[in-house]
Amino acid sequence: MASLLDDLKREIAGAAKPLIVCGAGVSKAANPKAPDWRALIESGIDRVVAFGLADEEWGARQRQALKGKPSEWIGAANQVTDELGGRQHSEFREWLRGLLGELKAERTEILDALRELAQAGCLISTTNYDGMLGDELDLPVIRWADHAKVLQYLNGQRKGSCTCTGIGTSRK
């Protein structure tokens, strides 16, 4: 009996290749210690308050937003990003590196399936800040803001894992 993955690969074989966008669930499935999006934002809130970049009242407002719908989390995530100086600032990058830099896959089933889909010609992208996907699939990180490389990637002329965050934290 064919598996779901086998069925998917067969359907993909002659068709236009889909773009698979992976989020925190992929990292969480590969390593239970990986933070989900809420935990990542909470960690950022804690760092901002601990470093005195904002007061505890600010932290309480951001934590309250995390009790709402996931669409409300975007505001808290943006506030954390701003308070840490923006995505290009060393404080923001150090926070992510400290939290995610050594994150490695402990369970590879989902990554093995994604590797097979990539080998079948599917495009793999991520919204994650960790470098696990690119590392485990042995694909170079392509940053979304590098338009020439992204176009080559989308046209099948360049292998890689496109990061929609603009920050590639791959250890390779």
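Structure: see above.
Residues numbered from 1 in each chain as written. Predicted model: local features only at pLDDT ≥ 70, side-chain atom pairs only at ≥ 80, totals over all residues. Heavy atoms only, no water.

Caption draft 1: How the structure looks around unusual backbone geometry. Phi angles above zero are rare outside glycine, and D138 is one such case at about 55°. By relative accessible area, D138 is classed as exposed at 56%. (Buried < 20%, exposed > 50% of the residue type's maximum accessible area, 1.4 Å probe, protein only.)

Caption draft 2: Just helix α7 (residues 109-119), in detail. Buried within α7 are the following residues: L111, L114, L117 and A118. Viewed along the axis of α7, the buried residues span an arc of 120°, placing them on a single side of the element. Exposed residues pointing more than 90 degrees away from the buried face of α7 are listed as E109 and Q119. (Helix = DSSP H or I, 4+ residues; strand = E, 2+ residues; numbered from the N terminus. Arc of directions from axis to C-beta.)

Caption draft 3: Quick peek at the nonpolar core. Formed by 35 residues in total, the largest nonpolar core has its most connected members in I41, L114, I124 and L133. Those elements that place two or more of their residues in this core are β1 (19-22), α2 (24-30), α3 (37-50), α4 (56-65), α5 (70-83), α6 (90-100), α7 and α8 (132-136). For this core, the leading source of residues is α3, giving 5 residues. Setting aside residues no more than four positions away along its own chain, L133 makes contact with C22, V26, L111, L114, I124, S125, T126 and S161. (Core = buried A, V, L, I, M, F, W, Y, C linked by side-chain atoms within 4.5 Å. Contact = heavy atoms within 4.5 Å.)

Caption draft 4: Representation of α4 within the structure. Of the positions making up α4, those classed as buried are W58, G59, Q62 and A65. Along the axis of α4, the buried residues cluster in a sector spanning 115°; they form a single face. Of the residues that open α4, the one with a side-chain oxygen 3.2 Å from the backbone nitrogen of E57 is D55. (Polar contact = N/O pair within 3.5 Å; in protein donor to acceptor, adjacent residues only side chain to side chain.)

Caption draft 5: A look at the layout of surface pockets. Taken as a whole, the largest pocket spans an internal volume of roughly 430 Å³. As for the largest pocket, its lining consists of 24 residues, of which W37, L40, T127, Y129 and T165 are closest to the centre. Elements with a contribution of two residues or more to the lining of the largest pocket: α2, α3, α5 and α6. Of the residues forming the lining of the largest pocket, the biggest block, 5 residues, is contributed by α5. (1 Å grid on protein atoms, 1.4 Å probe; cavity = no way out; pocket = protein on both sides within 12 Å on 5 of 7 lines; lining within 4 Å. Points joined across faces, edges and corners; volume = space filled by probe spheres on them.)

Caption draft 6: Structural view of the packing of aromatic side chains. Across all of its chains, the model carries 2 aromatic pairs by this definition. For the pair W37 and W73, a centre-to-centre distance of 5.8 Å together with 45° between the ring planes defines the contact as tilted. Here W73 lies in helix α5 and W37 lies in helix α3, a separation of 36 residues in the sequence. For the pair F92 and W95, a centre-to-centre distance of 5.5 Å together with 65° between the ring planes defines the contact as edge-to-face. Pair noted here: F92 and W95 are both in helix α6, with a separation of 3 residues, about one helical turn. By the burial criterion, F92 is buried, and W95 matches it. (Phe/Tyr/Trp six-rings, centres within 6.5 Å; stacked < 30°, edge-to-face > 60°.)

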